[in-house]
Amino acid sequence: MIQKLINSIKKTQAPIVVGLDPKLSFIPDHIKNKSFNEYGKTLEGAADAIWQFNKLIVDATYDLIPAVKPQIAMYEQFGIPGMVAFDKTVKYCKEKELIVIGDVKRGDIGSTSESYAIAHLGKIDIDGVNVDVFDEDFATVNPYLGTDGIKPFVDICNEHDKGIFILVKTSNPSSGEFQDKLMDGKPLYEHVARMVDKWGADSMDADYSNVGAVVGATYPEVGKVLRDVMPKSFILVPGYGAQGGKAEDLVHYFNKDGLGAIVNSSRGIIAAYKQDKYASFGSEGFADAARAAVIDMKEDIGKALSQTR
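Residues numbered from 1 in each chain as written. Predicted model: local features only at pLDDT ≥ 70, side-chain atom pairs only at ≥ 80, totals over all residues. Heavy atoms only, no water.

1. Focus on the overall build of the chain
Secondary structure assignment for the chain yields 12 helices and 13 strands. By the compact-globule yardstick of 19 Å for 309 residues, the chain fits well, its C-alpha radius of gyration being 19 Å. Its C-alpha atoms give the chain principal-axis dimensions of roughly 60 × 55 × 40 Å. Across the 309 residues that make up the chain, the buried fraction comes to 54%. Sequence separation of 24 or more characterises 73% of the internal contacts of the chain that already satisfy a separation of 6 or more. Accessible surface computed for the chain: about 13900 Å², of which carbon and sulfur atoms make up 51%. Separation of charge centres in the chain, based on 35 positive and 43 negative side chains, amounts to 5 Å. (Helix = DSSP H or I, 4+ residues; strand = E, 2+ residues; numbered from the N terminus. Rg over C-alpha atoms; globule rule 2.2 N^0.38 Å. Buried < 20%, exposed > 50% of the residue type's maximum accessible area, 1.4 Å probe, protein only. Contact = heavy atoms within 4.5 Å. Areas by Shrake-Rupley, 256 points an atom, 1.4 Å probe, with all protein chains shown as cover. Lys, Arg positive; Asp, Glu negative; His and termini not counted. Charge placed at Lys NZ, Arg CZ, Asp CG, Glu CD.)

Structure follows, in structure tokens:
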């Protein structure tokens with residue numbers, strides 16, 4: 001699966017993933033009102049508004065980008081209707097030939113971990129019939145339970161040509177409370193990265209592994225170190241833009257081949273119309289604002305990378 005992502009990045013010349021993390025506050029009133037008029041101010045109404053919003057964002061950007069990353073919590077908070085919106089979003093993105101990274105941050109052991117992997121990356125056996133469930137292409141995984149929690153995901157990846165991104169050094173301010181703790185003279189995140197490299201050796205796809213890592217844009221010096229520790233792993237980089245990560249900070253997340261990383265932006269794109277820079281689009285033009293933000297992000301990252309070659 002990682003090779004499919006690489007091919008799409010090369011085609012679009014955009015190592016960018018759009019985070020489809022909608023909040024009701026991001027959705028323009030004209031979309032919310034239409035959904036609420038049909039379904040009421042209910043879970044169903046909110047879920048429909050999210051789905052309609054997502055669809056227009058995807059329609060405006062799919063030709064520019066290789067991938068999207070829906071964050072499942074943004075959908076789960078609206079219960080079963082929200083999960084229906086998540087499922088519809090995943091299916092629609094795949095119809096548009098986008099790679100879908102399910103930001104689900106699962107992590108458990110044994111049959112529970114396997115069940116998570118089946119739900120998001122594999123197929124469920126229903127009395128001899130194999131059926132797709134959510135069917136994302138990648139999923140994010142929490143490594144806290146060790147190999148027992150990761151191996152079922154790697155096995156499913158190998159069986160169904162899928163991939164995972166393992167949390168290594170996250171972009172949030174308090175990540176260091178655990179991730180920076182020293183063990184044998186090295187921070188915990190570096191030990192996790194070495195395990196990612198080890199796990200990834202069991203799921204290679206040409207030059208890169210289907211087992212990648214999440215490393216936040218807000219810690220560029222850490223990203224530089226971890227790039228060397230995990231030379232065969234793609235790095236999913238959150239924290240660009242709204243969280244403070246800058247394009248020039250990201251160059252060390254990439255390998256010398258210009259590959260090896262994909263940068264996420266969520267509200268910086270899907271809520272771009274709320275920024276002063278894109279305010280002229282207005283709420284009616286929110287999707288066009290998102291497209292403009294993607295183009296600007298692509299140029300920003302491309303310029304930073306070109307200056308290192």
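2. Quick look at a nonpolar patch on the surface
A grouping of Ile-124, Ile-126, Val-129 and Val-131 is seen on the molecular surface, where their side chains present a nonpolar patch of about 310 Å² in accessible area. Elements supplying a minimum of two residues to the nonpolar patch: strand S4 (123-126) and strand S5 (129-132). Within the element layout of this structure, Val-129 appears in strand S5. (Patch = residues over 30% accessible without salt bridge, like charges linked within 9 Å, V, L, I, M, F, W, Y side chains within 5 Å. Salt bridge = Lys/Arg side-chain N within 4 Å of Asp/Glu carboxyl O.)

3. Observations concerning the pairing of strand S2 (residues 67-70)
The two faces of S2 match: Ala-67 and Lys-69 on one face and Val-68 and Pro-70 on the other face are all buried. Taken together, the 4 bridges between strand S1 (residues 16-20) and S2 define a ladder with parallel strand orientation. Pairing of Leu-20 across the sheet is with Pro-70, part of S2. (Pairing = 2+ DSSP bridges.)

4. Section: the pattern of salt bridges
Close approach of charged atoms allows side chains of opposite charge to pair. As enumerated under the stated definition, the model contains 17 salt bridges in all. The closest approach of N and O atoms between Lys-96 and Asp-59, which form a salt bridge, is 3.9 Å. Of this pair, Lys-96 sits in the loop between helix H5 (79-95) and strand S3 (99-106) while Asp-59 sits in helix H3 (residues 43-61); the two residues are 37 residues apart in sequence, bridging distant segments of the chain. Relative accessible area serves as the criterion here: at 28%, Asp-59 is assigned to the partly exposed category. Of the charged contacts, one joins Lys-123 and Asp-132 as a salt bridge, the two residues approaching to 2.6 Å between their closest N and O atoms. Owing to a relative accessible area of 37%, Asp-132 belongs among the partly exposed residues under this scheme. By sharing partners, the salt bridges in this structure join Lys-94, Asp-135, Asp-137 and Lys-162 into a single network.

5. What about the packing of H3 against helix H12 (residues 286-306)?
Orientation of H3 relative to H12, taken along the N-to-C sense of each, is 45°, at an axis distance of 8 Å. Here H3 is positioned oblique relative to H12, judged by the angle of their axes. Judged by the sense of rotation from one axis to the other, the crossing of H3 with H12 is right-handed. For the pair formed by H3 and H12, the contact residues are Phe-53, Leu-56, Ile-57, Ala-60 and Thr-61 on the first element and Phe-286, Ala-287, Ala-290, Arg-291 and Val-294 on the second. (Axes fitted to C-alpha atoms, helices over the stretch in contact; angles between N-to-C directions. Parallel < 35°, antiparallel > 145°, perpendicular 65-115°, else oblique. Left-handed = near helix turned anticlockwise from the far one by under 90°.)

6. Thoughts on helix H10 (residues 220-229)
Listed as buried for H10 are Val-222, Gly-223, Leu-226, Arg-227 and Val-229. With its buried residues spanning 155° around the axis, H10 presents them on a single face. Turned more than 90 degrees away from the buried face of H10 sit Glu-221 and Asp-228, all of them exposed. Those residues of H10 that are buried are in contact with strand S7 (163-169), helix H9 (188-200), strand S11 (208-215) and strand S12 (233-237). (Arc of directions from axis to C-beta.)

7. Points about unusual backbone geometry
Positive phi outside glycine occurs at Asp-184, with the angle close to 55°. Along the chain, Asp-184 turns up in the loop between strand S8 (182-183) and strand S9 (186-187). Since its relative accessible area comes to 77%, Asp-184 is described here as exposed. One non-glycine residue, Ala-206, lies in the positive phi region at around 65°. Mapped onto the fold, Ala-206 is located in the loop between strand S10 (204-205) and S11.

8. Considerations on the packing of H9 against H10
For the pair H9 and H10, interaxial distance at closest approach is 9 Å and the crossing angle is 30°. In terms of orientation, H9 and H10 fall into the roughly parallel class. Regarding H9 and H10, the two cross each other, and that crossing is right-handed. Across the interface between the two elements, Tyr-189, Glu-190, Ala-193, Arg-194 and Asp-197 from H9 touch Val-222, Val-225, Leu-226 and Val-229 from H10. The residue inventory of the contact of H9 with H10, partitioned by class, reads 6 nonpolar, no polar and 3 charged. (Nonpolar A, V, L, I, M, F, W, Y, C, P; charged D, E, K, R; others polar.)

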